[in-house]
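Next come the chains, spelled out residue by residue.
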Amino acid sequence: MNPVKTAVFEKSSSKIEECPPPKIPEYAFIGRSNVGKSSLINHITGNKKLAKTSGRPGKTQLINHFLIDEQWYLVDLPGYGWAQVSKTEKAKWKKMIERYLLERENLALVFLLVDSRHMPQKVDQEFMRWLGEKGIPFILVFTKVDKQSKNQTESNIAKYRKVLKKEWAELPKYFTASNVTGEGLEIIDYVRLLNEDLH
Ligand code: GDP
């Protein structure tokens, strides 16, 4: 497990046309606000300040590109599920994210973050359904596993998968993560493996 050597913020974009040229593979991270996305990005890249944690609703929703080891982009997508956000803002988010996910040609995989303590939330299920319909590959990351015992996490994940099984013939691969226990670094190894396959 080799740590990331370099993680550099490249740019923030409000639409796909502004994103960096699609010359290298990219991996997008998304999830409900507060799921621990910024913390996970900082944890797996070994850079505490890369992604801004605890973004508040109403702040500009942008697609953030980070160049990792000069080989791939890690993309931080704005979180969803803010209760306080207006319908107009939600529609804007949806349009931007959907266009990005559908049209970004170098997008290799989506990492969908979910809280390991909760059962599938409606908004997450709808998002997974949409990804499935569009044929966009995704992997689940169960976050904040330090907040409960290992047994509890395992039992929750089993229940979570049981719920998904009702809808999905094949269940997505998943990782567990916590910036307290340090779990989740396998994500970097996995991306490296995929990148080798893409070459
Ligand atoms: P984001 O909105 O998805 O980017 O979430 P943040 O990374 O800002 O995290 C939201 C809150 O959850 C913050 O208070 C973090 O400190 C906390 N948090 C994030 N990841 C973990 C984790 O792995 N373990 C614990 N215990 N707390 C976490």
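Remember, it's a predicted structure, so these values are computed and weren't measured experimentally.

Reading the values: the criteria
Residues numbered from 1 in each chain as written. Predicted model: local features only at pLDDT ≥ 70, side-chain atom pairs only at ≥ 80, totals over all residues. Heavy atoms only, no water. Helix = DSSP H or I, 4+ residues; strand = E, 2+ residues; numbered from the N terminus. Buried < 20%, exposed > 50% of the residue type's maximum accessible area, 1.4 Å probe, protein only. Contact = heavy atoms within 4.5 Å. Areas by Shrake-Rupley, 256 points an atom, 1.4 Å probe, with all protein chains shown as cover. Lys, Arg positive; Asp, Glu negative; His and termini not counted. Charge placed at Lys NZ, Arg CZ, Asp CG, Glu CD. Axes fitted to C-alpha atoms, helices over the stretch in contact; angles between N-to-C directions. Left-handed = near helix turned anticlockwise from the far one by under 90°. Nonpolar A, V, L, I, M, F, W, Y, C, P; charged D, E, K, R; others polar. Pairing = 2+ DSSP bridges. Right-handed = clockwise from strand over helix to strand, strands pointing away.

(A) Inspection of the overall build of the protein chain at higher detail. Tallying secondary structure elements over the protein chain gives five helices and seven strands in all. Counting only C-alpha atoms, the protein chain reaches 45 × 40 × 35 Å along its principal axes. In the protein chain, buried positions account for 46% of the 199 residues. When contacts within the protein chain are restricted to residue pairs at least 6 apart in sequence, those whose partners lie at least 24 apart make up 77%. A total of about 11,000 Å² of accessible surface is found on the protein chain, and carbon and sulfur atoms cover 51% of it. If the 32 positive side-chain charges of the protein chain are averaged to one point and the 24 negative ones to another, these points end up 7 Å apart.

(B) Region of interest: the packing of helix α2 (residues 87-103) against helix α3 (residues 122-134). Between α2 and α3, the least distance of the axes is 11 Å, while the angle of their chain directions is 35°. Where α2 crosses over α3, the handedness of that crossing is right-handed. Listed contacts from α3 to Glu98, Leu101 and Leu102 of α2 are Phe127, Trp130, Leu131 and Lys134. The residue inventory of the contact of α2 with α3, partitioned by class, reads five nonpolar, no polar and two charged.

(C) How the structure looks around the pairing of strand β5 (residues 107-115). The buried fraction of β5 amounts to eight of the nine residues, a majority that puts the element mostly inside the structure. Inspection of the sheet shows strand β2 (residues 26-31) paired to β5 by six bridges, in the parallel sense. Considered in β5, the bridge of glycine 31 is made with leucine 113. Here β5 pairs with strand β6 (residues 138-143) via six bridges, running parallel. If you follow leucine 112 over to β6, its bridge partner there is leucine 140. With α3 bridging β5 and its parallel neighbour β6, the resulting β-α-β unit is right-handed.

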